[in-house]
Amino acid sequence: MAAKIRKGETVSMRTGRDKGRRGEVIEVRPSESRALVRGINMVKRHQKQTAAQEGGIISKEGTIHLSNLALADPKDGKPTRVGFKFLGEGVTRRKVRIAKRSGDQIDG
């Protein structure tokens, strides 16, 4: 299945305690249908002390299901759904993502 959300893109939370907040996608896990987003869904973890790292309670990002994320529209930055369109004919035909809100192409 084609990826609607990719690493490095700005997304907005659609539901949950962080609803409306924006962040950059750090990692996408397609097999789990989940993603890590910088600064969103922060969870606390108890970390054991090692030689390289100090112990204690640390905050880090938790994964979010892809259905709870909306991509930022390239035109106005508001949340949008993602669709697909084919450009070109024959051998030069390629599939690109488009923003449903504005109809703009997301990737080159």
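Remember, predicted model here, so these are calculated numbers, not experimental data. (Residues numbered from 1 in each chain as written. Predicted model: local features only at pLDDT ≥ 70, side-chain atom pairs only at ≥ 80, totals over all residues. Heavy atoms only, no water.)

(A) The pairing of strand β10 (residues 94-99), seen in detail. By the bridge criterion, 6 bridges tie strand β9 (residues 82-87) to β10 in an arrangement that is antiparallel. Directly across from F86, in β10, lies its bridge partner K95. As consecutive antiparallel partners, β9 and β10 are separated by 6 residues, and within that stretch G88 has a phi angle of approximately 85 degrees, a positive value. (Pairing = 2+ DSSP bridges. Helix = DSSP H or I, 4+ residues; strand = E, 2+ residues; numbered from the N terminus.)

(B) Region of the structure containing the sheet that holds strand β7 (residues 69-72). Taking strand neighbours across the sheet as the criterion, the 6 strands line up as β6-β3-β2-β1-β7-β8 in an open arrangement whose pairing is antiparallel. Only two strands of the sheet have a single neighbouring strand rather than two, namely β6 (63-65) and β8 (79-80).

(C) Representation of unusual backbone geometry. Its identity as a non-glycine residue notwithstanding, S33 has a phi of 60 degrees, on the positive side. Structurally, S33 is set in the loop between β2 (22-29) and β3 (34-37). S33 gets classed as partly exposed once you look at its relative accessible area, which sits at 28%. The phi dihedral of N41 is positive, around 60 degrees, even though this residue is not glycine. Considering the arrangement of structural elements, one finds N41 in the loop between β3 and β4 (42-47). (Buried < 20%, exposed > 50% of the residue type's maximum accessible area, 1.4 Å probe, protein only.)

(D) Quick look at the side chain of T80. Structurally, T80 is set in strand β8. Look at T80 and you get buried, because its relative accessible area is 7%. Within the structure, T80 has its side chain in polar contact with the backbone nitrogen of R101 (distance 3.0 Å). (Polar contact = N/O pair within 3.5 Å; in protein donor to acceptor, adjacent residues only side chain to side chain.)

(E) Expanded view of the packing of aromatic side chains. One pass over the structure, following the stated rule, counts 0 aromatic pairs. The ring of F86 has R93 sitting right over it, with the charged end atom 4.1 Å from the ring centre. The ring of F84 carries the charged tip of K95 above its face, separated from the ring centre by 4.6 Å. (Phe/Tyr/Trp six-rings, centres within 6.5 Å; stacked < 30°, edge-to-face > 60°. Lys NZ or Arg CZ within 6 Å of the ring centre and 35° of its normal.)

(F) Summary view of the pattern of salt bridges. Taken as a whole and judged by the stated rule, the model has 6 salt bridges. Among the ionic pairs, R21 bridges to D18, the shortest N-O distance being 3.3 Å. Taking the relative accessible area as the measure of exposure, R21 reaches 42% and is therefore partly exposed. By sharing partners, the salt bridges in this structure join E27, R29 and E32 into a single network. (Salt bridge = Lys/Arg side-chain N within 4 Å of Asp/Glu carboxyl O.)

(G) View of the environment of I64. Along the chain, I64 turns up in strand β6. Sequence separation of I64 and L36 is 28 residues, and the distance between their C-alpha atoms is 6.3 Å. Filtering out sequence-adjacent residues up to four positions away, I64 remains in contact with M13, S33, R34, A35, V37, I40, N41 and L69. (Contact = heavy atoms within 4.5 Å.)

(H) Looking closely at the environment of K4. Turning to its location among the elements, K4 is positioned in the segment before β1 (10-13). Using a relative accessible area of 39% as the deciding quantity, one classes K4 as partly exposed. As a C-alpha pair, K4 and L71 span 67 residues in sequence and 8.3 Å in three-dimensional space. Look past the residues within four positions of K4 in its chain and what remains in contact with it is E9, L71, V82, F84 and R97.

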